[in-house]
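Coordinates in review
Read off the chains here:
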Amino acid sequence: VMSVFNGFQELTVKEIVGFDPHIRITAVNSNSFQIDSNFIEKINKTAEIKSFGLIVSGKALAIKGETLQAFNLIGLEKEYKDIKDKLSQSFLIGKYDLNYGDFERGILIGSALADKLGVYVGETIEILSPEMIESSFASYSMPKTTSVYVAGIFETNIKDYDVSSAFVDINFARLLFRTSSQITSIDIRIQDFHQSKEIAAEIQSAIGKKYKVSSWIDLNSDLYQVMRFEKMASFSIMGIIILIAVFNVFSSLAMTVTEKKQDIGILKAIGATDEFILRIYLFTGAIIGTLGTLLGFLLGIALVLGQQNFKWFKIDSTKYIIDAIPVSLNAFDVTLVVAFSLTLSITAAIYPAIKAGKMIAIDAIKNE
């Protein structure tokens, strides 16, 4: 059960960090900021950084015929290779091309957004930014839209991206959002995204509190908290199942105390101490718990490894992005479950052991 949750969590995280940056730097008190070579040098001091790109992003309005759709427009540097490679792998049709003729007017849009607008590769759409609308109000004129060429349509399998994201060249984004040479964020990718929290803290201390440094966990905090809660809930349910099973151990040993009442009395009559009787029952509970836990451990590991290698439990790959239920073994989870099971099993033996140890010999054998 825990491995299934781990599998789905790893799949979700893999999709998220495919497009989201591992670390993002933004300004604290404004939507955009300007950087210099000294700023870049501070970031580059972190050896774990794989690459980074300057980003200009904001909300925009796409217009195609009578259809209007708000979306998040992201301006990329052409040299930002990581995102370029990821987008290139996700294209349904078209290619990574942010140029159109002599101008940088190519746009890459998500499949769901393309469906809403009813556009195809090779067609043009009109773009309108809040800054363009504000400028038209100031001059008491109708807003002027800018035409862009649909160069490619991608599908990330992440609904939020496919329905509300589009990519253009950073210079074109600056033109739309009237940001001149400024940027809205710096997106950083590191060697191991699992270390993003630590590296984000390191970068934060290097560049100061004027900027906000967020890891991918911070950027997706709601989703991450939901996944953690689901895993905790699954462990709690599984713990209740184990607790119910442990009652079998408890009732079995408790019944044994009653059934072996005379035997316990005879043992005490010939010199067995309370501690000796107590150890017998604790040892019996430990054997039952250890054998049960060991068998469950081996069966669980076998099921997980079998699912990983042979995909016993399949799902429809035409409807989902995977063809089988994902599973992932986690050493901490395995250790936690084994320790929890053993602890409950031994704990269940304590009361019957104490009851047997305190039994008075004469009362136990007086009916013999």
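That block above? That's the structure.
These lines cover the structure that appears in this document, whether it is placed above or below. All figures in this text were calculated on a predicted structure; none of them were measured in a lab. (Residues numbered from 1 in each chain as written. Predicted model: local features only at pLDDT ≥ 70, side-chain atom pairs only at ≥ 80, totals over all residues. Heavy atoms only, no water.)

**Describing the overall build of the protein chain**
Each helix and strand counted, the protein chain has 14 helices and ten strands in total. Taking 2.2 N^0.38 as the reference for a compact globule, 368 residues should give roughly 21 Å; the C-alpha atoms of the protein chain span a radius of gyration of 32 Å, well beyond that estimate. Relative to its 368 residues, the protein chain shows a buried fraction of 39%. Residue pairs at least 24 apart in sequence account for 75% of intrachain contacts in the protein chain once pairs closer than 6 positions are excluded. Surface summary for the protein chain: the accessible area is close to 20700 Å², and the carbon and sulfur share equals 59%. For the protein chain, the distance from the average position of its 35 positive side-chain charges to the average position of its 39 negative side-chain charges is 3 Å. (Helix = DSSP H or I, 4+ residues; strand = E, 2+ residues; numbered from the N terminus. Rg over C-alpha atoms; globule rule 2.2 N^0.38 Å. Buried < 20%, exposed > 50% of the residue type's maximum accessible area, 1.4 Å probe, protein only. Contact = heavy atoms within 4.5 Å. Areas by Shrake-Rupley, 256 points an atom, 1.4 Å probe, with all protein chains shown as cover. Lys, Arg positive; Asp, Glu negative; His and termini not counted. Charge placed at Lys NZ, Arg CZ, Asp CG, Glu CD.)

**As for the layout of surface pockets**
A probe as big as a water molecule, rolled over the atoms, marks out the empty space that is left. Space inside the largest pocket adds up to approximately 950 Å³. As for the largest pocket, its lining consists of 33 residues, and the residues nearest its centre are Met238, Gly296, Phe297, Gly300 and Val337. Of all the secondary structure elements, the ones that give two or more residues to the lining of the largest pocket are helix H1 (2–19), helix H10 (221–259), helix H12 (274–310) and helix H13 (331–357). Among the elements that take part in the lining of the largest pocket, H12 stands out by supplying eleven residues, more than any other. Broken down by class, the residue content of the lining of the largest pocket amounts to 21 nonpolar, eleven polar and one charged. In this structure, the second largest pocket encloses a volume near 710 Å³. Looking at the lining of the second largest pocket, the elements with two or more residues in it are H1, strand S1 (23–27), strand S2 (49–64), strand S3 (67–76), helix H6 (159–164), strand S8 (165–169) and strand S9 (185–190). (1 Å grid on protein atoms, 1.4 Å probe; cavity = no way out; pocket = protein on both sides within 12 Å on 5 of 7 lines; lining within 4 Å. Points joined across faces, edges and corners; volume = space filled by probe spheres on them. Nonpolar A, V, L, I, M, F, W, Y, C, P; charged D, E, K, R; others polar.)

**Notes on the nonpolar core**
Counting residues in hydrophobic clusters, the biggest one holds 43 residues, and the most contacted among them are Ile25 and Ile107. Excluding residues within four positions of it along the chain, isoleucine 107 makes contact with Leu73, Ile125, Ile127, Val148, Tyr149, Val150, Ala151, Gly152, Ala166, Phe167 and Val168. (Core = buried A, V, L, I, M, F, W, Y, C linked by side-chain atoms within 4.5 Å.)

**Points about the packing of aromatic side chains**
By the definition in use, this model includes nine aromatic pairs. Measuring from ring centre to ring centre gives 5.7 Å for tryptophan 216 and tyrosine 224, while their planes differ by 90 degrees; the resulting arrangement is edge-to-face. Each member of the pair tryptophan 216 and tyrosine 224 is classed as buried. In this structure an aromatic cluster arises from ring pairing among Phe33, Phe39 and Tyr211. (Phe/Tyr/Trp six-rings, centres within 6.5 Å; stacked < 30°, edge-to-face > 60°.)

**Regarding the pattern of salt bridges**
All chains considered together, the criterion is met by eight salt bridges. Note that arginine 189 and aspartate 82 form a salt bridge whose closest N and O atoms lie 3.9 Å from each other. Here aspartate 82 lies in helix H3 (residues 81–89) and arginine 189 lies in strand S9, a separation of 107 residues in the sequence. A relative accessible area of 9% places arginine 189 in the buried class. By relative accessible area, aspartate 82 is classed as buried at 18%. (Salt bridge = Lys/Arg side-chain N within 4 Å of Asp/Glu carboxyl O.)

**Structural notes on H12**
For H12, spanning 37 residues, the distance from its first C-alpha to its last is 53 Å, which sits close to the expected 54 Å at 1.5 Å a residue. Those residues of H12 that sit buried are Ile277, Tyr281, Gly285, Gly289, Thr293, Val304, Gly306 and Gln307. Where H12 ends, the next residue or the one after it, lysine 311, has phi of about 50 degrees, a positive value. (Expected span 1.5 Å × (residues − 1).)

**A few points about the pairing of S2**
Consecutive residues of a regular strand have side chains that alternate between opposite faces of the sheet. In terms of strand pairing, S2 meets S9 through six bridges, oriented antiparallel. Directly across from isoleucine 49, in S9, lies its bridge partner isoleucine 190. Note that S2 and S3 share nine bridges and pair antiparallel. Across the sheet, the residue bridging to lysine 64 is threonine 67, located in S3. The hairpin turn running from S2 into S3, its antiparallel successor, is two residues long, and glycine 65 in that turn takes a positive phi close to 65 degrees. As defined by bridge partners, S2 adjoins strand S6 (residues 124–128) across three bridges and the pair is classed as antiparallel. Within S6, the position partnered with leucine 61 by the bridge is leucine 128. (Pairing = 2+ DSSP bridges.)

**Regarding the environment of lysine 116**
As for its position among the elements, lysine 116 is in helix H4 (residues 111–117). Judged by its relative accessible area of 45%, lysine 116 falls in the partly exposed class. When the C-alpha atoms of lysine 116 and leucine 68 are compared, they prove to be 8.8 Å apart, with 48 residues separating the residues in sequence.

**Structural notes on helix H8 (residues 196–207)**
For H8, which comprises twelve residues, the first-to-last C-alpha distance of 16 Å matches the rise-based estimate of 16 Å (1.5 Å per residue) to within 8%. Here H8 has its buried residues at Ser196, Ile199, Ala200, Ile203 and Ile207. Buried residues along H8 cover an arc of 105 degrees about the axis, so they all sit on one side. Opposite the buried face of H8, by more than 90 degrees, sit the exposed residues Glu198 and Ser205. (Arc of directions from axis to C-beta.)

**Brief notes about the environment of valine 226**
In this fold, valine 226 is placed in helix H10. Exposure remark for valine 226: the relative accessible area of 42% places this residue in the partly exposed category. Distance from valine 226 to phenylalanine 19, taken between C-alpha atoms, is 20 Å for residues 207 residues apart in sequence.

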